[in-house]
Amino acid sequence: MKKISMFVLAICSTAAFAQKVSDYKYIFIPEKFQTFKKSSFGLEESLAKALKGKKYEVLAESVDKWPSDAKNNSCNVLNAEVLNDKNLFTNKVILQFKDCNKKMVFESKGSSDIKEFEEGFADALNQALTKVGFSNPVAMLPAQNTAVNENAQTTVSEVSTSSATPSANHYSNGKMELQKIQIDANQFILANSGSSVPFAVFKTTSKKDVFTVKLADGNSTIGYFENGNIVIDIPQADGRYSKEVFAGK
């Protein structure tokens, strides 16, 4: 029964920390949406205009023009794509947003009975956009060597790690006792021992033993394995980060 309860806790905790489009400030839109063969009927410009109206910052194709907190960590950037889903009678699109690990954050479908392609696809996109909330970003992640943006290459600084994956299931920083619960190959959580309160959710990045971390207070940061310990960069009120080490027990 205890194992079943812990599994349910893990699933609920993951759902509670699921990313939303509104968690992001930056969105990258490709120069052309790939599933539209000859013309995408100006949907890239329409999407950019709509997202700017919802307070997002739309990034240019050239990474050199990106703000530093986007350039130095592509996991601060959401990738937008519009798919052509039309049939014989209806202009339809699928609006998608994926994170730096190409995981789907949000998908929405829109359709229009307007027969003309340019007006019909624009109307369908507007329908899909109604479910996208205004930008209300969480804290930006610090620079690290994360997955390369799926539509543009970026060079980011590396987080140095050492030693192997921790083998313990319980960890402490001297102030709190936490239990490591492996959800699947790509994510685990740290939960307060003896209770059902999660402390942090860890998700893999392209760099071995380095993770994006969503804390219980809503902040996003990074974590990594070091000398058999779990380390989290804890955001501070002044914008800096402190190194919190949880040693295996």
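Residues numbered from 1 in each chain as written. Predicted model: local features only at pLDDT ≥ 70, side-chain atom pairs only at ≥ 80, totals over all residues. Heavy atoms only, no water.

Quick word on the sheet that holds strand S9 (residues 198–204)
And then number 1: Spatially, 8 strands are ordered S6-S7-S8-S9-S10-S11-S12-S13 in a closed barrel, and the strand pairing comes out antiparallel. Neighbour-to-neighbour, the strand axes of the sheet open up by a mean angle of 30 degrees, direction not taken into account.
And then number 2: As defined by bridge partners, strand S11 (residues 220–226) adjoins strand S12 (residues 229–235) across 4 bridges and the pair is classed as antiparallel. Its bridge partner lying in S12, Glu226 is registered against Asn229. (Pairing = 2+ DSSP bridges. Helix = DSSP H or I, 4+ residues; strand = E, 2+ residues; numbered from the N terminus. Axes fitted to C-alpha atoms, helices over the stretch in contact; angles between N-to-C directions.)

Brief notes about the sheet that holds strand S4 (residues 91–98)
Whenever strands of a sheet pair, they do so through backbone hydrogen bonds, lying parallel or antiparallel.
And then number 1: The 5 strands are arranged S2-S1-S3-S4-S5 in an open sheet whose pairing can be described as mixed. The two strands at the open ends of the sheet, each matched to only one other strand, are strand S2 (57–59) and strand S5 (104–112). Each neighbouring strand pair of the sheet contributes to a mean axis angle of 25 degrees, computed without reference to strand direction.
And then number 2: The sheet contact formed by strand S3 (residues 77–84) and S4 spans 6 bridges and is antiparallel.

Observations regarding the packing of aromatic side chains
And then number 1: Throughout the structure, instances matching the rule amount to 12 aromatic pairs.
And then number 2: Ring centres of Phe41 and Phe117 lie 5.7 Å apart, and the angle between their planes is 50 degrees; this geometry places the pair in the tilted category. In this pair, Phe41 sits in the loop between strand S1 (26–28) and helix H2 (43–53) while Phe117 sits in helix H4 (residues 117–129), placing the two residues 76 residues apart along the sequence.
And then number 3: For Phe117, a relative accessible area of 41% puts it in the partly exposed group.
And then number 4: Linked through ring pairs, Phe36, Phe41, Phe117 and Phe121 together constitute an aromatic cluster. (Phe/Tyr/Trp six-rings, centres within 6.5 Å; stacked < 30°, edge-to-face > 60°. Buried < 20%, exposed > 50% of the residue type's maximum accessible area, 1.4 Å probe, protein only.)

Comments concerning the pairing of S11
And then number 1: In terms of residue burial, S11 counts as a mostly covered element, since 7 of its 7 residues are buried.
And then number 2: Side chains Ser220, Ile222, Tyr224 and Glu226 of S11 all project onto a buried face; the interleaved residues Thr221, Gly223 and Phe225 project onto the opposite face, where all are buried too.
And then number 3: Of the pairings in the sheet, the one linking strand S10 (residues 210–215) to S11 comprises 5 bridges and is antiparallel in character. For Thr212, the partnering residue across the bridge sits in S11 and is Ile222.
And then number 4: Linking S10 back to S11 in an antiparallel pair, the connection comprises 4 residues, with Gly218 at a positive phi of about 95 degrees.

Taken by themselves, the reported measurements are silent on function.
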